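Remarks on the overall topology
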Amino acid sequence: MKVNQAVRNFSKGSDAFFGSVNMAHSFTVAIDRCQYELGDWASASGLNVTWQTCEYRTGDNWNHPLVFPGVPKYQKIKLSRAACADSQVVQEWLTETSVRNVPLTGAVSLVNWLGVRTVTWEIREFFPAAWGIGEFNAAQGKVAMETLELVHTGFLNDDFAPGNPGPQLPHMY
């Protein structure tokens with residue numbers, strides 16, 4: 001416990017010296033209520049959201065449309081790393097998921113060089129969409145890369161389900 005606190009304190013102090021952005025980072029995937037730790041990943045892509053715009057034209061002012069954001073659309077999250085011992089854990093998780101396909105909640109976190117989380121995206125209702133491992137070719141001397149793609153319903157706190165009023169917005173009038 002004291003070691004973790006010392007690492008956090010050193011991290012805060014080193015950010016002042018080195019800056020909070022550095023090139024030595026990784027991504028971790030945590031699954032809520034699950035026995036599998038999927039380990040660290042070298043890269044992550046697809047952590048973005050887009051909105052289609054909705055346009056409404058009133059009858060009395062047809063040349064001035066009202067534009068509103070539509071339903072958010074999230075891309076698949078694609079993780080990749082060199083195949084390692086954690087790849088076996090991913091295989092066990094994929095086997096379990098293919099038998100009992102229940103959407104999970106969890107998080108993807110950017111981790112700095114000291115292992116301290118820098119930013120976390122809480123992922124809702126995700127499940128694996130694809131998994132693959134690169135070609136094994138000893139003659140080329142390349143590392144076999146593992147990729148995992150996750151489909152999800154979002155990482156923004158924008159759930160307006162019954163009983164959840166959502167974030168409080170300021171009055172516009």
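The rules behind these values
- Residues numbered from 1 in each chain as written.
- Predicted model: local features only at pLDDT ≥ 70, side-chain atom pairs only at ≥ 80, totals over all residues.
- Heavy atoms only, no water.
- Helix = DSSP H or I, 4+ residues; strand = E, 2+ residues; numbered from the N terminus.
- Buried < 20%, exposed > 50% of the residue type's maximum accessible area, 1.4 Å probe, protein only.
- Contact = heavy atoms within 4.5 Å.
- Areas by Shrake-Rupley, 256 points an atom, 1.4 Å probe, with all protein chains shown as cover.
- pLDDT = per-residue confidence, 0-100.
- Expected span 1.5 Å × (residues − 1).
- Arc of directions from axis to C-beta.
- Pairing = 2+ DSSP bridges.
- Patch = residues over 30% accessible without salt bridge, like charges linked within 9 Å, V, L, I, M, F, W, Y side chains within 5 Å.
- Salt bridge = Lys/Arg side-chain N within 4 Å of Asp/Glu carboxyl O.

**A short note on the overall build of the chain**
Looking only at helices and strands, the chain features two helices and nine strands. Within the chain, the proportion of its 173 residues that are buried is 25%. At a minimum sequence separation of 6, the contacts of the chain that also span at least 24 residues come to 60%. Summed over all atoms, the accessible surface of the chain reaches about 12,400 Å², with 58% contributed by carbon and sulfur.

**What about the confidence of the model for the chain?**
When pLDDT is averaged across the chain, the result is 80; 77% of the residues are at 70 or more. Within the chain, strand 9 (residues 145-151) carries the highest mean pLDDT (95), whereas helix 1 (residues 2-18) carries the lowest (49). In the predicted structure, residues 14-18 sits below a pLDDT of 50 and forms four contacts with residues beyond four places in sequence or in another chain.

**Brief notes about helix 2 (residues 86-99)**
End to end, helix 2 covers 20 Å across 14 residues, agreeing with the expected 20 Å (1.5 Å per residue, within 8%). Looking only at helix 2, the buried set comprises Ser-87, Val-90, Trp-93, Leu-94 and Thr-97. For helix 2, the angular spread of the buried residues around the axis is 115°, confining them to a single face. Looking at the packing, one finds that the buried side of helix 2 touches strand 1 (26-31), strand 2 (40-41), strand 6 (77-82), strand 7 (104-111), strand 8 (117-133) and strand 9.

**Points about the sheet that holds strand 7**
Taken in spatial order, the seven strands line up as 2-1-7-8-9-6-3 in an open sheet, and their pairing is antiparallel. Strands at the two margins of the open sheet, each flanked by one partner only, are strand 2 and strand 3 (43-45). Summarising the sheet, strand 1 and strand 2 pair through two bridges and their orientation is antiparallel. By the bridge assignment for strand 2, Phe-27 is matched with Trp-41.

**Observations concerning unusual backbone geometry**
In this model, Glu-125 sits at a positive phi of 45°, which is unusual for a non-glycine residue. By the element assignment, Glu-125 lies in strand 8.

**What to know about a nonpolar patch on the surface**
Taken together, the side chains of Tyr-56, Leu-66 and Phe-68 make up a nonpolar region of the molecular surface, amounting to roughly 300 Å² of accessible area. Mapped onto the fold, Leu-66 is located in strand 5 (residues 66-74). Classification of Leu-66 by relative accessible area gives partly exposed; the value is 36%.

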